[in-house]
Amino acid sequence: MKRRIGQDEDEIDRMLELQPRILPSAGFTSSLMKAIRLEAAAPPPILFPWKRALPGLAAGAFALALVVVVTVVAVRSSQPISAGSLSFSSFLSTVRIEERLQGAVSWTFLALVVTFLSVKLSMRLAASQA
Amino acid sequence: MSASEDLSDVERVLAGDIAAFEGIVLRWQGPLINLGYRFCQDRGRAEELAQEAFLRCYRALARWRRDAAFSTWLFALATNLYRTELRRIPPRTQSLDEIAEPADARVFDEGLEDKDRDLVVRRALVALPAKYREVLILFYFHDMDVAAAALSLGLPEGTIKARLFRGREILRSKLAQMLAAPRFKEA
């Protein structure tokens with residue numbers, strides 16, 4: 001009968017178990033220890049300045065919350081007003097609020113973009129100095 | 001390999017004696033290089049992977065919790081690194097269908113030379129889908145210990161057993177296929 005490797009489970013086990021073993025090359029330990037010593041001698045990496053960034057992050061979070069609130073208010077105020085409740089003064093006040101809200105949203109968005117860019121720039125500068 | 005030697009060396013390194021790390025390297029360089037070699041079948045790359053694993057081990061030494069053996073922690077760290085690195089830059093592989101059959105298929109029937117047979121099996125192993133290959137490599141590397149392979153891969157033992165079964169099925173069918181359809185590559 002012909003010998004069939006594929007039909008013999010033990011044969012696969014044996015072949016996979018007996019994978020050739022290699023020895024480390026001569027300079028492996030010394031070059032690795034050299035790298036370890038360099039690693040030990042290197043100054044610790046610059047940590048992200050959380051304390052300094054905290055006010056900025058808090059301001060960002062506040063601005064984000066503000067945007068959410070303003071958006072919700074804007075959406076609510078833009079809903080159609082029923083004919084019965086419509087009066088000239090309420091119409092004027094709604095228009096004024098909407099104008100203010102639109103201005104606030106744009107400024108908040110701009111502030112968020114500037115904050116994001118400044119954080120990214122400072123992180124990049126810190127990374128390049130590390 | 002002594003767990004107490006590992007513990008002693010780790011404590012010395014953590015106390016500032018960097019030279020003590022050499023003891024760890026000397027004890028574990030062989031297994032880590034061989035583990036890398038099984039993953040990539042490339043000696044040079046296996047050494048690079050092992051070097052990176054030792055560097056990461058050095059950096060993370062303080063995070064080793066003594067509840068697991070140092071070797072278990074080291075193998076888990078190395079396995080994780082090897083898997084990540086080989087997914088980033090895969091080793092040169094052929095798909096299972098592309099694996100060349102020997103020039104004279106009669107050699108199989110008459111019993112392959114051990115060297116040729118090992119080469120065919122290794123190529124078939126490297127060409128397996130990663131999730132099966134990793135489990136097979138770790139299982140046989142750890143002397144067929146499912147629990148050890150599970151710890152190294154950070155997977156439940158049940159998953160290891162299922163992947164092991166499926167991986168061996170794929171491997172077996174490929175090898176059987178190669179034998180069942182002998183053909184001559186060259187006259």
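Residues numbered from 1 in each chain as written. Chains lettered and ligands numbered in written order. Predicted model: local features only at pLDDT ≥ 70, side-chain atom pairs only at ≥ 80, totals over all residues. Heavy atoms only, no water.

K.L.:
Now, about the overall build of chain B: what can you tell me, with residues and values included?
P.N.:
Within chain B, the secondary structure is distributed over 9 helices and 0 strands. Here chain B, with 187 residues, has 50% of them falling under the buried criterion. A sequence separation of at least 24 residues applies to 70% of the contacts in chain B between residues at least 6 apart. When the accessible area of chain B is evaluated, it comes to approximately 9,200 Å², of which 50% is carbon and sulfur surface. (Helix = DSSP H or I, 4+ residues; strand = E, 2+ residues; numbered from the N terminus. Buried < 20%, exposed > 50% of the residue type's maximum accessible area, 1.4 Å probe, protein only. Contact = heavy atoms within 4.5 Å. Areas by Shrake-Rupley, 256 points an atom, 1.4 Å probe, with all protein chains shown as cover.)

K.L.:
Can you break down the packing of aromatic side chains residue by residue, with the values?
P.N.:
For any pair of aromatic rings, the description rests on two quantities: the centre-to-centre distance and the angle between the ring planes. Residues and elements named next belong to chain B. Counted according to the given criterion, the structure contains 10 aromatic pairs over all chains. Measuring from ring centre to ring centre gives 6.4 Å for phenylalanine 21 and phenylalanine 54, while their planes differ by 90 degrees; the resulting arrangement is edge-to-face. Of this pair, phenylalanine 21 sits in helix H2 (residues 21–40) while phenylalanine 54 sits in helix H3 (residues 43–60), placing them 33 residues apart in sequence. Each member of the pair, phenylalanine 21 together with phenylalanine 54, is buried. (Phe/Tyr/Trp six-rings, centres within 6.5 Å; stacked < 30°, edge-to-face > 60°.)

K.L.:
Residues and numbers for a nonpolar patch on the surface, please.
P.N.:
On the surface, Phe109, Val113, Phe116 and Leu117 of chain A cluster together into a nonpolar patch covering about 430 Å² of accessible area. Examined against the element boundaries, valine 113 of chain A turns out to sit in helix H4 (residues 88–129). (Patch = residues over 30% accessible without salt bridge, like charges linked within 9 Å, V, L, I, M, F, W, Y side chains within 5 Å. Salt bridge = Lys/Arg side-chain N within 4 Å of Asp/Glu carboxyl O.)

K.L.:
So, the interface of chain B and chain A: which residues are in play, and what are the values?
P.N.:
Taken together, the contacts link 40 residues of chain B with 31 residues of chain A. With both sides pooled, the region where chain B packs onto chain A buries about 3,700 Å², and carbon together with sulfur makes up 62% of that total. Here chain B is connected to chain A by 1 salt bridge. Residues glutamate 39 of chain A and arginine 59 of chain B are paired through a salt bridge, measuring 2.6 Å at the closest nitrogen-oxygen approach. The interface formed by chain B and chain A holds 5 residue pairs in polar contact (both at pLDDT 80 or more) in total. (Buried area = accessible area lost by both parts, 1.4 Å probe. Polar contact = N/O pair within 3.5 Å; in protein donor to acceptor, adjacent residues only side chain to side chain.)

K.L.:
Kindly report on the packing of H3 of chain B against helix H4 (residues 70–88) of chain B, identifying the contributing residues and their values.
P.N.:
Residues and elements named next belong to chain B. Between H3 and H4, the shortest axis-to-axis distance is 9 Å and the interhelical angle comes to 125 degrees. Our classification of the angle between H3 and H4 gives oblique. Both H3 and H4 take part in a crossing whose hand is right-handed. Across the interface between the two elements, Arg45, Leu49, Ala50, Glu52, Ala53, Arg56, Cys57 and Ala60 from H3 touch Phe70, Trp73, Leu74, Leu77, Ala78, Leu81, Tyr82, Glu85 and Leu86 from H4. The residue inventory of the contact of H3 with H4, partitioned by class, reads 13 nonpolar, no polar and 4 charged. (Axes fitted to C-alpha atoms, helices over the stretch in contact; angles between N-to-C directions. Parallel < 35°, antiparallel > 145°, perpendicular 65-115°, else oblique. Left-handed = near helix turned anticlockwise from the far one by under 90°. Nonpolar A, V, L, I, M, F, W, Y, C, P; charged D, E, K, R; others polar.)

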